[in-house]
Amino acid sequence: GAGVSQSPRYKVAKRGQDVALRCDPISGHVSLFWYQQALGQGPEFLTYFQNEAQLDKSGLPSDRFFAERPEGSVSTLKIQRTQQEDSAVYLCASRPGPAGDSYEQYFGPGTRLTVT
Amino acid sequence: LAKTTQPISMDSYEGQEVNITCSHNNIATNDYITWYQQFPSQGPRFIIQGYKTKVTNEVASLFIPADRKSSTLSLPRVSLSDTAVYYCLVGPPTDSWGKLQFGAGTQVVVTP
């Protein structure tokens, strides 16, 4: 079956530009997560959605980062006025239900953002 | 979430067993131990999860001693395709919606 997909796979932005990164979770998955992965590091949590509700955005590094999931399926991570330190791989993950007894999340391939 | 410590890198040859030990001295009573695998240019993939003793699936085994202050991921008879970064995570199943806290992981390189 189809997994989590993300687009674009690669994005180059000039400093100061706005970017939008898309995530298509596995159909029917209630929970959706965004992570940021810097080169050589493990992924770091950004934000969490349960259906269309954004229940945790504690990991968003600044108010330039904004995420939405208006219909409880596709999600978009938007970064305004990109800075060089925003260069990273942005990963989306989904899971069937809300928090339960498993830490299994299904990750997409990520979007590699390079800010020049 | 409890802090974890694991080796930065490990080398192995094809056909050998690889054991990666993760230390988590501050593990809490309701914490689970989870391992993820990540190949280059891909997102992490769930491998195995356990609470105590031993858990085995088609990919790996997870050994957890009685004090639960460490755990060992065992990959039997590795192949070149097992070259990846392996992450050990520790946390309660209902903490903060199940968000994952990754460390730097262990880079495993398998050579012929």
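To keep things clear, this report deals only with the structure shown in the data block. This one's a predicted model, so the numbers in the text were calculated from it and none came from an experiment. (Residues numbered from 1 in each chain as written. Chains lettered and ligands numbered in written order. Predicted model: local features only at pLDDT ≥ 70, side-chain atom pairs only at ≥ 80, totals over all residues. Heavy atoms only, no water.)

The next thing to look at is the overall build of chain A. Looking only at helices and strands, one finds zero helices and eleven strands in chain A. N-terminal to C-terminal, the α/β element order of chain A is β-β-β-β-β-β-β-β-β-β-β. A globule of 116 residues ought to have a C-alpha radius of gyration of about 13 Å, and chain A, at 13 Å, matches this closely. Each principal axis of the C-alpha distribution contributes one length, and for chain A these read about 40 × 25 × 25 Å. Expressed as a percentage of its 116 residues, the buried residues of chain A come to 47%. Long-range contacts, defined as pairs at least 24 residues apart, comprise 54% of the intrachain contacts of chain A with a sequence gap of at least 6. Of the roughly 5500 Å² of accessible surface on chain A, a fraction of 46% belongs to carbon and sulfur atoms. (Helix = DSSP H or I, 4+ residues; strand = E, 2+ residues; numbered from the N terminus. Rg over C-alpha atoms; globule rule 2.2 N^0.38 Å. Buried < 20%, exposed > 50% of the residue type's maximum accessible area, 1.4 Å probe, protein only. Contact = heavy atoms within 4.5 Å. Areas by Shrake-Rupley, 256 points an atom, 1.4 Å probe, with all protein chains shown as cover.)

Let us now look at the sheet that holds strand 6 (residues 61-64) of chain B. All names here are of chain B. The four strands are arranged 2-7-6-5 in an open sheet whose pairing can be described as antiparallel. The sheet is open, and its two edges are formed by strand 2 (18-23) and strand 5 (53-56), each paired on a single side. Averaged over all adjacent pairs, the angle separating strand axes in this sheet is 15°, with direction ignored. Strand direction decides the pairing type here: strand 2 and strand 7 (residues 70-75), joined by six bridges, are antiparallel. When the sheet's bridge partners are listed, Thr21 is paired in strand 7 with Thr72. (Pairing = 2+ DSSP bridges. Axes fitted to C-alpha atoms, helices over the stretch in contact; angles between N-to-C directions.)

Attention shifts here to the sheet that holds strand 3 (residues 19-24) of chain A. Backbone-to-backbone hydrogen bonds pair the strands of a sheet. The strands run either parallel or antiparallel. Residue and element names in this part refer to chain A. In space, the four strands of this open sheet follow the order 1-3-8-7, with antiparallel pairing throughout. A single partner strand is all that each edge strand has here, and the edge strands are strand 1 (5-7) and strand 7 (65-68). Each strand of the sheet is rotated relative to its neighbour by a mean of 15°, with strand direction disregarded. One ladder, built from four bridges, connects strand 7 with strand 8 (residues 75-79); its direction is antiparallel. Across the sheet, the residue bridging to Phe65 is Ile79, located in strand 8.

Moving on to the pattern of salt bridges. Where charged atoms of side chains with opposite charge meet at close range, the side chains can pair. Residue and element names in this part refer to chain A. This structure, assessed with the given rule, holds four salt bridges over all chains. The closest approach of N and O atoms between Lys78 and Glu68, which form a salt bridge, is 3.3 Å. Of the two residues, Lys78 is situated in strand 8 and Glu68 in strand 7; the sequence distance between them amounts to ten residues. Classification of Lys78 as partly exposed rests on a relative accessible area of 31%. (Salt bridge = Lys/Arg side-chain N within 4 Å of Asp/Glu carboxyl O.)

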